[in-house]
Every structure is written in C-alpha cells, then in structure tokens.
Amino acid sequence: MNNKITLFSFLLFTSLWSGLKMNAQFTQQFDGVVGSYERTLAVSNFSDGTVALQALIDDVAAQATGGTIKLSGNIKLSNIYLKSNVHIDFAKGTVIKGDLISTKAAIFEIGNTATPIQNVKLFCSQSDRTKPNDDITEKFVFDIAEFGMNGKVRAIMLSNVTNFWLSDIYIKDALTQFNGITMNPLIVQTSTDNTVHQGLRDYQILGSPSKGDVRNIYGKDQHYGYGLIQIQAARDVNFVKLSGNGGVILRMESGSGIQFVGTDNEQTLGTIKGIKASDISQTNGFAAVMMSPHGRVNGDVYMENVKATSSAFAVVMATGFFDSELKDTNGDLVDPIKFKKGRFTGPIIIKNVDAVFGLNAYGRLSQEYNYVEKSVQAQYPWATRTVSPEADNVRIIPSAATIGHLSLPSKGATPDIVEGEYVAQIDGPITSSGFQPCISSYYKNTLYENDNKNVDCSILSVEDNMKTNEAYLLYPNPSNNNVTIQHPLNSKIAVYDYLGRMVKSMGLVNTNASSLDVSSFPEGIYIIQIISEKGLIESKSLIVKKK
C-alpha cells in the first residue's frame, strides 16, 4: 500500500463533517429532582477521593429528598456506588482517573443492588452544550488511557437503575477492552450446582437500566470490539449527541452475561427496546451505530442523523447467533429449546444517515473487509496495522458502505419472522460521498448479507462507467502563486494542510475550472479535495514551494 496516499486520505476524510441537525424532538425521559441539600468536594493532584466521595453520597442519600454534590479538581476514584436521589455536578475540566489496582467493574457503578436505584444524575451544569461535542473544555473527563490496550475498565456501568441522566462527559480511552459506558442487566444465578454447564443453569434478572437520557458524550481512541456506549439490556432511553473515534459509538449488542438467560425468559427486563438515538457521529472506526442481538429477542429502535467518516459503516445490523459459550465440547447448542437466535422485533426506523469514504476504518478480514468494493480492495489491500489486542484479524480497512443491513440473507429480502432475521424501515435520506459509484448508485448506499460476493464496479454498464469518468486536473504543480483546478460543474472545493486542517474552502462552483491563490500559503504539501454534485470525491496533492 502507498503509505503517503493512505496518510493524506486519512487526514482528508477524517476532517469532513457537515453537521446534520436533529429533526425529531425526543420527549425527555428523565424527570428527577432533588432537594436543596448540597455538599462539595475538591481534590487536587489525583489524590484518592474514593472514601470521601462515597461518604458524601451516603450522606446525601440519607436526606429525605436527596441533594447534589459539587465535585471539582483532579481526582482518583475506584468503585464508587451511586445511590438514589443523588445528583453529582462536575465542574468543567474535572479529570477522573481510576485506580489501576483496585478499580474492578467500573469507576462508577449505578444500580448493582437488588433494590433499584432511582433518580440519579451525573452532569456538568457549567457545560455549554451548543459547543462542538469534542470540546474537552466544556466537559468533565474520565481518563482511562493509562489502563492501556489490555485494560478492562469502564467509566460508568449502569444496571438496576431507573430515571437516570448522564451528560457532558469526555472519555479518554486507549483501546481498553470494555466500553466507556455500559448498560447491563443485573443477573443472579439461582442454580446451586456450578458443575453444570453455564447455559444449563437457572438465572433471574433483577433489573436493567430504564427511563434515561444520555447526552453530549465524546469518546476518544476506542477499541474495535467495544466503543463509547454498549447496551446489553435497556428500556426507554434517549441517546443524543454522541460522538468519538474508533470502535462503535452506540453498540446495541446483547451478549455477555445475558446470553445465559433463556431467550423466552425475562423478556421485559432482559431486552433492548424503546431506544431513541439522534446525532450520533463517528470517525475512523467500525460503525457509529451497531445492532447485534446475539440470542435476545429485542424490541423497537428509532435512530436519525447518524454520520460516519472513514468507518466501515455508519449503521450496521448483524444477525442473531449463538455465542460459543452456549455450545458443548462438540460445538452443539447445549439447549435448543431454551436458546434461540436473537432479533429485533421492531419497529426499527432509520433516517438521515451519511457516510464519507475513508481508508482508516476498522474491520475483520473474514467479514467487513469482504464488503469493501473489489477495486478498492485491489488499490488498498489488507493493512498490516492491528487495532485490536486480542484479535489479530482486526485491521485498518477502507470504508464499505453507509448501511450494512446484514440481518437479512440478501438484497430486497423480506424476513420470514425466523430466528436471527429482522428488517429495518429505512426512511432516508441515506447518503454517501467518496465511495465507488457502483456502491453509491447501484446499491443505494445499503449492503445486504450476500452482497459481499457482488460488490464490484464491473457490474456497471460501459455507459455508466463512462458517465462517472470525470476529468480532474491541477496545474501548475508545484506552485507559489495561482493554481488552476479543473473539475466538473457544481463542485465544492476544500484545501487541507498536512495535519488535516482545512485552510480554505469554496462553495458550489458553476464553471469547469477554479483558480486558487496559494501565494500566502507556507511551503509544504496540501490536499485539494473536490466533491462533485454526484457526491464523488477526488483528491489531489499540491506542493507549495517558494522560489
């Protein structure tokens, strides 16, 4: 692979984000209020504040109407247990680190008891939520980067909790092996014989997260197999303005411990349903939104305004399947009656989804890479850089499509209400830019289960291929004055420096050529990006050299 081309393309495409606005106004789920009782805690130099904060939480929870804790500074915390009617207001710039030795499941655990936790809130009242979501100065920070690629830690884990609010959070990750925030069912094993296979034991679900709002959260450098937020089970939760790079931003994947509970058991507490998601964006990862039911029969999901830049997909919907832990030594399912392949019963409504082609997506050789257009595979073969510490076949790949509707057997298929299959109502618009024309036009931006065998531009007619063969020229090059850019009518032009920062842009140009004055540009290499009205991207390298 040409590393220079890959680098410039990475810098170019990761800078694109036009900013879709939320159309649907979601009714706020959280309606909790607390009394005027207030306590404060300020910690510096990352001193351990676990004991002090837990004491304040206990104190506030003991009040008849609860109250608020004001938290600020640089603090180390491990295994904080939030209680009902406690709100924590973090000052902007507060940084929280976990203890590398004592932190177990999560830094904050919410609802890990048989009695449900209610009316809890983690937020920053000082945050200006109109600012860009990656503005770390407007958030409080969970810094879990020092746990590293083999770290198993979460910032927040929610279980048996109802009426909750999380907002204004920046999670600094470093490919740790759990999601920044998880929503899990609280499960207890009622069987007494632990020599029996796990899949044959009896379990009871005591509760799972419900009636919540999760807003304005950013995740940095997330693991391919995890990401910002994972839902194992949750009901009636809004997710608004979530973003980050790497992994998956919103992962509706009901595996892990919930897989051992029979599919027909605990269908209320052990499922994902009533999920609304809007303004979800991601760069350089697997997908902005993922649906993977494993062995659960989940319910309805509504999503809109989803954006992915240089990711394998913007939205991906996987089939239901049996986890390996549910099979015996012969590879057979331990109980075909108790377990079924999962699905989403719906309705699943998807609208306003966009993807920008790039070369720094995450994917697996045997799976996602198969959906990359064949000529793109030839130009940018399987990368050597591993992005998953426990799975060597996870590598950097080119983008595949806007939507990967992989929960159906083939394009245009109708589900027969069988195990593992489900269908989404795609209301559109579903758009893309920079992809090969055969993907954006022939496949209408959506790939299906069997399309990995057919994603090949050669299926287009000669006439179709000729229509897409636009002329793009850039001259003189190198230059220190005026540069002429030849392009199709109604193109947009943007200029990026070697760090991927936009230095100049032009709106729709109604001629076939544009003049670019580079006399004020410092010496160096620049990328000229041209987006035609068809949404196709062409990029050219320009050298600015002073005499």
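Residues numbered from 1 in each chain as written. Predicted model: local features only at pLDDT ≥ 70, side-chain atom pairs only at ≥ 80, totals over all residues. Heavy atoms only, no water.

Colleague: Quick question: what am I supposed to make of the pairing of strand S19 (residues 301-309) here?
Modeller: In terms of residue burial, S19 counts as a mostly covered element, since nine of its nine residues are buried. Examined bridge by bridge, strand S16 (residues 272-283) and S19 share eight bridges and lie parallel to one another. Opposite Ala277, over in S19, you have Met303 as the bridge partner. Judged from the eight bridges that link them, S19 and strand S22 (residues 348-356) form a sheet pairing that is parallel. Of the residues in S22, the one forming a bridge with Val301 is Ile348. (Buried < 20%, exposed > 50% of the residue type's maximum accessible area, 1.4 Å probe, protein only. Helix = DSSP H or I, 4+ residues; strand = E, 2+ residues; numbered from the N terminus. Pairing = 2+ DSSP bridges.)

Colleague: Please clarify how the nonpolar core should be interpreted in this entry.
Modeller: The biggest cluster of nonpolar side chains holds 104 residues, and the ones touching the most others in it are Phe108, Ile156, Phe239 and Met252. The element contributing the most residues to this core is strand S15 (residues 234-253), with eight residues. Setting aside chain neighbours within four positions, we find Phe239 in contact with Met183, Val214, Ile229, Ile231, Leu250, Ile275, Lys276, Ala277, Ser278 and Ile280. By size, the runner-up hydrophobic cluster in this structure holds 15 residues, among which are Met506, Tyr526, Ile530 and Leu542. (Core = buried A, V, L, I, M, F, W, Y, C linked by side-chain atoms within 4.5 Å. Contact = heavy atoms within 4.5 Å.)

Colleague: Looking at this model, I keep getting lost on the side chain of Thr182. Mind explaining?
Modeller: Here Thr182 is to be found in strand S11 (residues 181-183). For Thr182, a relative accessible area of 4% puts it in the buried group. Looking at Thr182, its side chain comes within polar contact range of the side chain of Asn184, at 3.4 Å. Setting aside residues up to four positions removed in sequence, Thr182 forms contacts with Arg154, Ile156, Met157, Leu158 and Gln230. (Polar contact = N/O pair within 3.5 Å; in protein donor to acceptor, adjacent residues only side chain to side chain.)

Colleague: I tried to follow the packing of aromatic side chains on my own but got confused; where do I start?
Modeller: Two aromatic rings are characterised by how far apart their centres lie and by the angle between their planes. If you walk through the whole model with that rule in mind, you get 14 aromatic pairs. Ring plane angle 55° and centroid distance 5.4 Å describe the contact between Tyr224 and Phe286, whose orientation is recorded as tilted. Here Phe286 lies in the loop between S16 and strand S17 (287-292) and Tyr224 lies in strand S14 (residues 210-231), a separation of 62 residues in the sequence. Of the residues examined, Phe286 reaches a relative accessible area of 3% and is grouped as buried. When the ring of Phe286 is compared with that of Phe313, the centres are 6.4 Å apart and the planes differ by 80°; the resulting orientation is edge-to-face. Here the residue Phe286 occupies a position in the loop between S16 and S17, and Phe313 occupies one in the loop between S19 and strand S20 (315-317), the gap between them amounting to 27 residues. Taken together, Phe90, Phe108, Phe140 and Phe142 form an aromatic cluster joined through their ring pairs. In this arrangement the basic side chain of Lys121 is found over the ring face of Trp165, its NZ or CZ atom lying 5.2 Å from the centre. Taking NZ or CZ as reference, Lys152 lies 5.8 Å from the ring centre of Phe178, over its face. (Phe/Tyr/Trp six-rings, centres within 6.5 Å; stacked < 30°, edge-to-face > 60°. Lys NZ or Arg CZ within 6 Å of the ring centre and 35° of its normal.)

Colleague: Just checking my understanding: could you explain the pattern of salt bridges for this structure?
Modeller: Think of it this way: side chains of opposite charge can pair up when their charged atoms draw near. Within the structure shown, the criterion is met by 13 salt bridges. In this structure, Asp58 and Lys83 form a salt bridge, with 2.9 Å as the shortest nitrogen-oxygen distance. Here the residue Asp58 occupies a position in helix H2 (residues 50-61), and Lys83 occupies one in the loop between strand S3 (80-82) and strand S4 (86-90), the gap between them amounting to 25 residues. For Asp221, the salt bridge is made with Lys220, and the minimal N-O distance between the two is 2.8 Å. Take Lys220: its relative accessible area is 33%, and that puts it in the partly exposed class. By sharing partners, the salt bridges in this structure join Lys92, Asp128, Lys131 and Glu138 into a single network. (Salt bridge = Lys/Arg side-chain N within 4 Å of Asp/Glu carboxyl O.)

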